[in-house]
Amino acid sequence: MPRHPQNPDRTLLVTGADVAAAGTPVRAEALAVRGDRIVHVGTAEDARAALGGRADEELALDGGLVHPGFVDAHCHPVMYGQALAWVDLRPERVGDIDTMVEVLREAARDLPAGVPVRGFGYEHRRLAEGRHPNCHDLDRVADDREVYVMNASGHGGVVNSHTLRACRVTAGTPSPEGGSIGHFENGEPDGQLWDAACDLLTGPAGVKIGNHGPNFHLSEPEDIMADHLLRAQEVFLAAGVTTIGDAQVSRREMETYLRAHADGSLGMRVSAYLTSALLDTALELGAVRGFGDDLFRIQGVKFYADGTLGGWTAYFPEGYAADCCHHGQLYHSVEEYAQIVRRAHAAGLQTATHAQSPYAIGMVLDAIEKAQADRPRAGMRHRIEHSGLPTDEQIDRMAELGVVPVMQPQHHLRTGDGTLTAIGDMGHRYNPAGRCATAGVPVVFSSDAPVAPPVPLEAVAAAATRRTVLGTVLGDEALRLPVADGLHAHTAAAARALHREHAVGALAPGMLADFTVLDADPLTVPADELTGIRVRETWVGGSRAWAAAGR
């Protein structure tokens, strides 16, 4: 359902369900809306009176909970929509490489000649073989067109021999700065392309970001890109998500969002974080914090310190527990990273840096501290994306510096066991949300879709229980975050991380009328049962944006 401009005088009265009023667990009776803004939260009588005794539309519900629209502060909607259109290679569907080859072959049979065969979501440690597929495995799918399977981390994957030849990758091709090309023991390329090496896949005229992050910006025709966004948007809205932060925007994403905004099909609010490869362009244009409107805006810039835990590219100078000779990687030298953060900070651009290992997190904190010393700026709320393994000392530094960690509990839910294998007992600290809250650090949750689906209640449950899909409980109780705090982390705290706390993330007078209708109150069920709560409807700006079938 596309979002259309709201009549500023139209009124809406929501009754028949409890309303999660801002700042309290006490539930209200009704919600009053004028135009796209909330004017009253309270009793049904007072809400009706606030509308002058007349409502143009009345949403009379049959129980449930009217809850603030969830805010997903770190995700990749265009990439997610694209991944949904690819072959599903998640562990729930693909348990071994032979099965992977077969489902890719089946998909290839339905594609015109020459069209690439692409899949998303495999996790090599959960394949029966315990390894990545290689180019020869994928040659069994096709040898006359591109075959590319992207790892669930989104930081790269594997291609077939045809693609290696097309990209001119040979045994002598060096890995680029900020990326890696995999090899067999004999030195020949094995098909793995990680992080900056994925620039090879976007073609001569495609988006290039070098050592500024993994390149998942594979361009397609405008109508196909529009379909990707619409497909992803439907999933977000169905999960009750009304506002997102796109955590890596290139020309591809910018053009897609602007076209959707212009034609009225953009149905959720987007805060864009430009890839740091575009930092010079952003500074030249003066596109600093808050450039845009309530529906789409440029909020900041996305950086990378190290790689991913899922792909073993997060940086551990002492090596991984599973392989002491493997260290992962940094995207920038310490000096280069500090310099680009300083430039963004000085211009007033909020930074959001991907950092997983303690080393990388320390690198980010040092750079922010130096930038603030050089040019003091209050309220910047510089972010650390994922912030998977901060030490206690680093968490205390976040509190002192006003740094916001943006975590994804669904990561430890799905890959916590693999993380323990990779880095040992340190993995029990993965996503220490409870420790952050105790230290006064504002905890923020997000999905990182397509790495995990945008299901906020699953994230809240994962943080409260810290139980993986295989049943392992990570860490002790001090690392867990209670459900009420988890809901805050996925609404008001996430809105604050986007500098949008005065407009979204809570239901209160003056806020945008973005809400979702749940069939039960998350505060009344055990954490293990949160994922059984269903979304009935989602409203954006006082207009219904999504409804479950039959409603």
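Now for a look at the structure at hand. (Residues numbered from 1 in each chain as written. Predicted model: local features only at pLDDT ≥ 70, side-chain atom pairs only at ≥ 80, totals over all residues. Heavy atoms only, no water.)

### Thoughts on the overall build of the protein chain
Put simply, the rule is: Starting at the N terminus, helices and strands are each numbered in turn, a helix being any DSSP run of H or I of at least four residues and a strand any DSSP run of E of at least two. Put simply, the radius of gyration uses C-alpha atoms, and a globule should come to 2.2 Å times the residue count raised to 0.38. When a residue's accessible area, from a 1.4 Å probe over protein chains only, is under 20% of the maximum for its type it is buried; when over 50% it is exposed; and in between it is partly exposed. Whether two residues touch is decided by their heavy atoms; if any such pair falls within 4.5 Å, the residues are in contact. We treat Lys and Arg as the positive residues and Asp and Glu as the negative residues; His and chain ends play no part in the count. Working definition for charges: the position is that of NZ of Lys, CZ of Arg, CG of Asp or CD of Glu.
Each helix and strand counted, the protein chain has 16 helices and 25 strands in total. Here the C-alpha radius of gyration of the protein chain, 23 Å, is about what a compact globule of 551 residues would show, namely 24 Å. Each principal axis of the C-alpha distribution contributes one length, and for the protein chain these read about 80 × 55 × 50 Å. For the protein chain, with 551 residues in total, the buried portion stands at 59%. Long-range contacts, defined here as pairs at least 24 residues apart, represent 72% of the contacts in the protein chain between residues at least 6 apart. Distance between charge centres in the protein chain, computed from 48 positive and 71 negative side chains, equals 3 Å.

### Some points on empty space enclosed by the protein
Stated formally: In the cavity and pocket records, a cavity denotes points on a 1 Å grid over the protein atoms alone where a 1.4 Å probe fits but cannot get out, a pocket denotes an open set with protein on both sides within 12 Å along at least 5 of 7 lines, and lining residues are residues with an atom within 4 Å of a point. Grid points are joined across faces, edges and corners, and a volume is the space filled by probe spheres set on the points. Charged means Asp, Glu, Lys or Arg here, nonpolar means Ala, Val, Leu, Ile, Met, Phe, Trp, Tyr, Cys or Pro, and polar covers whatever is left, Gly included.
In the structure shown here, the tally under the stated rule is one cavity of 30 Å³ or more. Forming the boundary of the largest cavity are A226, T256, R259, A260, D263 and S265. Considering each element in turn, the lining of the largest cavity owes the most residues, four residues, to helix 7 (residues 251-263). Residue composition of the lining of the largest cavity, grouped by class: two nonpolar, two polar and two charged.

### Section: the pairing of strand 5 (residues 37-42)
Heads up, the condition is: One bridge is not enough; two strands pair if DSSP finds at least two bridges between them.
In the sheet, strand 4 (residues 30-34) pairs with strand 5 via five bridges, with the strands oriented antiparallel. Across the sheet, the residue bridging to A32 is H40, located in strand 5. Hairpin connection, strand 4 to strand 5: the antiparallel pair is bridged by two residues, and G35 has positive phi, about 65°.

### Some points on the packing of aromatic side chains
Stated formally: A pair of Phe, Tyr and Trp rings is counted when the ring centres sit within 6.5 Å of each other, with Trp represented by its six-membered ring. The angle between the planes then sorts it: under 30 degrees is stacked, over 60 is edge-to-face, the rest tilted. Any Lys NZ or Arg CZ found within 6 Å of a ring centre and within 35 degrees of that ring's normal is scored as a charge over the ring.
Taken as a whole and judged by the stated rule, the model has nine aromatic pairs. Taken together, a centroid distance of 6.1 Å and an interplanar angle of 90° make the contact between F303 and Y337 edge-to-face. A residue pair is termed long-range when its members are at least 10 positions apart, and F303 in strand 18 (residues 296-304) and Y337 in helix 9 (residues 334-347) qualify at 34 residues. A single burial state applies to F303 and to Y337, both of which are buried. Judged by centre distance (5.2 Å) and plane angle (75°), the ring pair of Y315 and Y359 falls under edge-to-face. On the criterion of sequence distance, the pair formed by Y315 in the loop between strand 18 and helix 9 and Y359 in helix 10 (residues 358-374) is long-range, its members being 44 residues apart. Through successive ring pairs, a cluster of aromatic residues spans W312, F316 and Y320. Positioned above the aromatic ring of Y273 is the side chain of R383, whose terminal nitrogen or guanidinium carbon lies 4.6 Å from the ring centre.

### Some remarks on the packing of helix 2 (residues 77-85) against helix 6 (residues 222-238)
How we decide: To define axes, lines are fitted to C-alpha atoms, for helices over the stretch in contact only, and angles between the resulting N-to-C directions are given on a 0 to 180 degree scale. Orientation is classified from the angle alone, with under 35 degrees giving roughly parallel, over 145 giving roughly antiparallel, 65 to 115 giving roughly perpendicular, and any other angle giving oblique.
Helix 6 packs onto helix 2 with a crossing angle of 95° between their chain directions and a minimal axis gap of 7 Å. On the basis of the axis angle, helix 2 is roughly perpendicular to helix 6. Contact with helix 2, carried on its side by P77, V78, Y80, G81, Q82, L84 and A85, involves M225, H228, L229, R231, A232, V235 and F236 of helix 6 and no other residues of that element. The class makeup of the residues in the contact of helix 2 with helix 6 is 10 nonpolar, three polar and one charged.

### With respect to the sheet that holds strand 10 (residues 117-122)
Read from one edge to the other, the open sheet built from six strands follows the order 9-10-11-12-14-13, with strand pairing classed as mixed. Unpaired on one side and paired on the other, strand 9 (87-88) and strand 13 (179-183) mark the two borders of the sheet. Two elements, strand 12 (residues 156-159) and strand 14 (residues 189-195), share three bridges in a ladder whose sense is antiparallel. Directly across from G156, in strand 14, lies its bridge partner W194.

### Topic: the sheet that holds strand 3 (residues 27-28)
Reading across from one edge, 3-2-7-23-24-25 is the order of the six strands in this open sheet, with mixed pairing throughout. Whereas interior strands pair on both sides, the edge strands pair on one side only; in this sheet they are strand 3 and strand 25 (543-547). Looking at chain direction, strand 24 (residues 535-540) and strand 25 are connected through four bridges and run antiparallel. Counted as the bridge partner of W539 is R544 from strand 25. Strand contacts of helix 6: strand 24 and strand 25, with the helix running at about 95° to strand 25, the strand carrying the most contacts.

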